[in-house]
Amino acid sequence: MLSPLYITVFSFLLSLPFVSAVTLYTIPGPAATGTANPAFQTAICIGAVPCDGSQLTPTPNPGNITTAINIQLTDGGYPGLGIPVSGNFLGFSIELSVANQLFGNTGTQLNPIFLNLLANIETRAGRILIRVGGNSQESATIIPGGLPNGTAVEKITFSSDKTATPTLLLSPNLIYAMGNISNLVNVQWFLGVPFNDTSNPRTTLAEIAQHVLGDRLVGLQLGNEPDLYTINGLRPPTYTPDQFTADWGTVLQDYSSDSKVLNSSMFVGPSVCCGLDTGWTPEDVWNTGFLSDYADQLAWISVEHYPTNNCNDTGILDPEVLMPQLYMNHSAVVQLSAPYINTSQIALSLNKPFIMFETNTASCGGFSGLSDSFISAMWAVDYALSMASFNFTNALLHVGGQSDYYNPFTPPTTNQSSYRQWSIGPTFYSTLVVAESLGSSNLSQVVDLQLNSNNDLTPGYAIYEQGTAQRVVLFNYLTDPSGASDYTAYISVGGNETGQANGTPATISVKLLLAPSATDKWNTTWAGQTFGGPFASDGRITGSEQIIEITCDQPNNVCAVQVPAPAVAVVFLSQSSLQESQGTATATFQTTVATGTINTVSIDPSVLATSNGRGGQSFLGLGSTSPGSSDGFKITPYNALIACFLIMFCNALTLLSR
């Protein structure tokens, strides 16, 4: 056990500039408050998701719970169906400044755990959409000749501001890593390009990305959250949507005139985020002529939005209060999508995809106990299906650094043997549930059933393909281990006004997304399978799959499905709909690093220790600059000398105390 003096000196160490972003959650000895995680019983634990044991109290249940809900699905379609969407509807948005921590730090050494995670989605959805960008893209510069030591990303400034992002130097290795990943798993990429300086657009990043990735690059994002440019210091306080549209045209001209840019008609925009709060609405940008002026260059219409934020300027927000207001509340989910009805119709009229380019539970990293609990998994499924019903084409969950609670997955911060596995957050399970709910046909249309008189705690959706009901997704946001708050959904198909024969199947299959409570952190299962607890996953889902087979009551034309509290139930109305969602066998990658050129791959066990690109002192130069993170530090000789002296001093004190 550490002595009080040692702890005091170590606390001082943490206050030094070069370790200011490290959070000490616990030390060896008696457990602190909250739920004790096995991963930090023997060592200091670093990272918000795996190490913060705090757990919220589930929202109390209201009285008069409805335990029987009737669902009548019609043949030939259902009123209010959204546009056809794909099983890869829910993808990822990865902050550019931390991408190498997920992919691997060189272009030829890939992180197999990341590959395994993606393979889980590929087998269900066929492909995965990933955006690499965020606030940090604005200051990025790629160095064609590469960076020292073969690293992919180098941060060259530091700020203690939680929302600040560093100036980034990028190596082509990052782009090669993306290409190599796509050779192993079917990933399509978006890449954010800089927009902070219209006089110096730095088109080289796009040149290299297009040459290396080819058709696996599906979009270049030009401008990220421009309605926050004044707050982030990228434009003057008087910056307007008209000026943004003019700036877009100026930079587009540079891309169009660059002969090394192979395609200047693949841009994503305008990516406004905050018109529902204090920023611009999409309509503010449309009114400038943006869509007509750049119709030929704009390939994707994009917005970004979070339900709330946990940034520096917000003040203290209580997740216990927010949980029932925003996350266990289907009406609040619907209100996130409703303001974009007009834009979705415009996108349809222009035959352009409409994408939620960045979202998650709360900007600037989310909330402890909420963004990293089962409630976030249920909420993300609800929100994704709601967006699909409102004619979004895709949506991307944001992934940040070590201090971000909302991460679907978080790698460890060191290469020590006890930290070689990843921590998988609840929202990663959401991507699997959404992929299986929508299947791989690319024909799925989603409708909000407004179940139980549109009750906020028990929403539900139907998924149709070419007029036939294929799946039903049912939610129970309540927490009640007694079973008294479980409900039974009685599903009937057919018997519509045209007089068609009843289509209720003889049997159905059900998969459950489960946890002991809405606020549980590490016991989520999808159809009985799990990625485990903190530092426990090699990216492969484990356990025996549990599919519930239900025989329907055909004389009464009804199938009874019990939905526990809490749970999300996906009901497959035919064996073909189940098989379509199951896909083929999931490819797996041994937990070593895949190495090779852009066209070849081999396995090299000797590089396991640096599979995250964090060997020796290089670890101290890595960090997170996603909103909600504050790494990006640098070691100076002075700080290193102080650190060495204090560590030696502590060791001497420990020996003297024995």
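Residues numbered from 1 in each chain as written. Predicted model: local features only at pLDDT ≥ 70, side-chain atom pairs only at ≥ 80, totals over all residues. Heavy atoms only, no water.

Looking at the overall build of the chain
Of the regular secondary structure elements, the chain holds 17 helices and 26 strands. By the burial criterion, 58% of the 658 residues in the chain qualify as buried. Once local pairs closer than 6 in sequence are excluded, the contacts in the chain between residues at least 24 apart make up 78%. (Helix = DSSP H or I, 4+ residues; strand = E, 2+ residues; numbered from the N terminus. Buried < 20%, exposed > 50% of the residue type's maximum accessible area, 1.4 Å probe, protein only. Contact = heavy atoms within 4.5 Å.)

What to know about the state of the cysteines
Applying the stated criterion across every chain yields a total of 3 disulfides. Each disulfide pairs two cysteine sulfurs, and for C273 the partner residue is C274, the sulfurs being separated by 2.2 Å. Between C273 and C274, the disulfide has an S-S torsion of -90 degrees and is therefore left-handed. Here C273 falls in the buried class, since its relative accessible area comes to 4%. (Disulfide = S-S within 2.5 Å.)

Comments concerning the pattern of salt bridges
By the definition in use, this model includes 10 salt bridges. Here R471 makes a salt bridge to E465, at a shortest N to O gap of 3.1 Å. Among the residues examined, R471 registers a relative accessible area of 0% and is labelled buried. One salt bridge connects R540 with D538, and the closest N-O pair in it is separated by 2.5 Å. Classification of R540 by relative accessible area gives partly exposed; the value is 33%. (Salt bridge = Lys/Arg side-chain N within 4 Å of Asp/Glu carboxyl O.)

Concerning unusual backbone geometry
Of note, the amide linkage connecting G269 to P270 takes the cis form, showing an omega dihedral of 5 degrees. Positionally, P270 belongs in strand 10 (residues 267-272). Note the cis peptide between A565 and P566, where omega equals 5 degrees. One can find P566 in the loop between strand 23 (559-563) and strand 24 (567-572). Residues other than glycine seldom take positive phi values, yet N149 does so here, at roughly 65 degrees. Not every positive phi belongs to a glycine, and N391 is a case in point at roughly 75 degrees. Of note, N391 is situated in the loop between helix 13 (374-389) and strand 13 (394-399).

In short, shape yes, function no, at least from these values alone.
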